[in-house]
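# Coordinates in review
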Amino acid sequence: MRVMNMGALVKGAKRMAVAALCVVAAATGAKAQKAEIQIGYGGYTQMDATDCHDGWHHVNNAWGALTAGVNFQINRKMWIGPSYTFSSTTTKGGPDHSSIAYHAIMLNGRYEYYRNSIVSLYGHIGLGVEISHMMPKYDDAYNCTYFAYQFTPIGAQFGITRSVLMFGELGFGAQGLLQVGFRFRL
């Protein structure tokens, strides 16, 4: 049976509290002209490329990541808002086959550096916390926390209708190396 270190538990709780405060501050503090909801899928995440699985061996690559977020326009070219990303994976088969669920909570910023009547190009950065929920087969589940990030220098979006946009991003982090999805203007 794994015994949790009280110091590690308090440290994880502090990280969760900071992430929650960032989400609340972004959602309530922004005097937004416009708001949008976004959903997206990204492949090959930070969790696959870095050791966000407590040093476990023989961990498979995750199937990708699903992200949902809310963005608020703070000026003509800048959007900010919180997001939640989920992904999961397993260890390679055998008698010790175990699972890991990844949860990332981030505050994101997007800056549009080019726009015409068809497409807008932008950069995107996100910072926050990634929580790996470790579920070993023969032991109690536990959490590990890591620094979550998303650096996306190239993103493009175009309008399908006035309130529905499709986007694609090329970058690296918790939301994926290549992310595609939809934004819905409110």
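Everything here concerns the structure above.
Residues numbered from 1 in each chain as written. Predicted model: local features only at pLDDT ≥ 70, side-chain atom pairs only at ≥ 80, totals over all residues. Heavy atoms only, no water.

## Examining the pattern of salt bridges
It is possible for side chains of opposite charge to pair when their charged atoms get near one another. For clarity, the threshold we go by: Think of a salt bridge as a Lys or Arg side-chain nitrogen and an Asp or Glu carboxyl oxygen that are within 4 Å of each other. Put simply, DSSP marks the helices as runs of H or I at least four residues long and the strands as runs of E at least two long, and each gets a number from the N terminus on. Only protein chains enter the area calculation, which uses a 1.4 Å probe; residues under 20% of their type maximum are buried, those over 50% are exposed, and those in between are partly exposed.
As enumerated under the stated definition, the model contains five salt bridges in all. Between Arg110 and Glu36 there is a salt bridge whose closest N-O contact spans 2.8 Å. A residue pair is termed long-range when its members are at least 10 positions apart, and Arg110 in strand S4 (residues 99-115) and Glu36 in strand S1 (residues 35-43) qualify at 74 residues. There is no split in this pair, since Arg110 and Glu36 are both buried. With a shortest N-O distance of 3.3 Å, Glu169 and Arg183 are connected by a salt bridge. In this pair, Glu169 is assigned in strand S7 (residues 164-173) and Arg183 in strand S8 (residues 178-185), connecting sequence segments 14 residues apart. The burial state of Glu169 is the same as that of Arg183; both residues are buried. A cluster of three or more residues bridged by salt bridges with shared partners is formed by Glu36, Arg110, Glu169, Arg183 and Arg185.

## Quick notes on unusual backbone geometry
Negative phi is the rule for most residues except glycine; trans is the rule for most peptide bonds. Even without a glycine there, the phi angle at Tyr44 is positive, about 50 degrees. With respect to the element layout, Tyr44 can be found in the loop between S1 and helix H2 (46-49). For Tyr44, a relative accessible area of 39% gives the class partly exposed. For Asp54, which is not glycine, the phi torsion reads 55 degrees and is therefore positive. Here Asp54 is to be found in the loop between H2 and strand S2 (65-73). We classify Asp54 as partly exposed; its relative accessible area is 32%.

## Some details on empty space enclosed by the protein
Where we set the bar: The distinction between a cavity and a pocket rests on a 1 Å grid over the protein atoms alone: a 1.4 Å probe fits inside a cavity but cannot get out, while a pocket stays open yet meets protein on both sides within 12 Å along at least five of seven lines, and a residue with an atom within 4 Å of a point counts as lining. Grid points are joined across faces, edges and corners, and a volume is the space filled by probe spheres set on the points.
In this structure the tally under the stated criterion is one cavity of 30 Å³ or more. Of the pockets and cavities examined, the largest cavity occupies roughly 100 Å³. In terms of lining residues, the largest cavity is bounded by 14 residues, among which Gln38, Asn71, Asn108, Arg110 and His124 are the most central. Of all the secondary-structure elements, those providing two or more residues to the lining of the largest cavity are S2, strand S3 (78-90) and S4.

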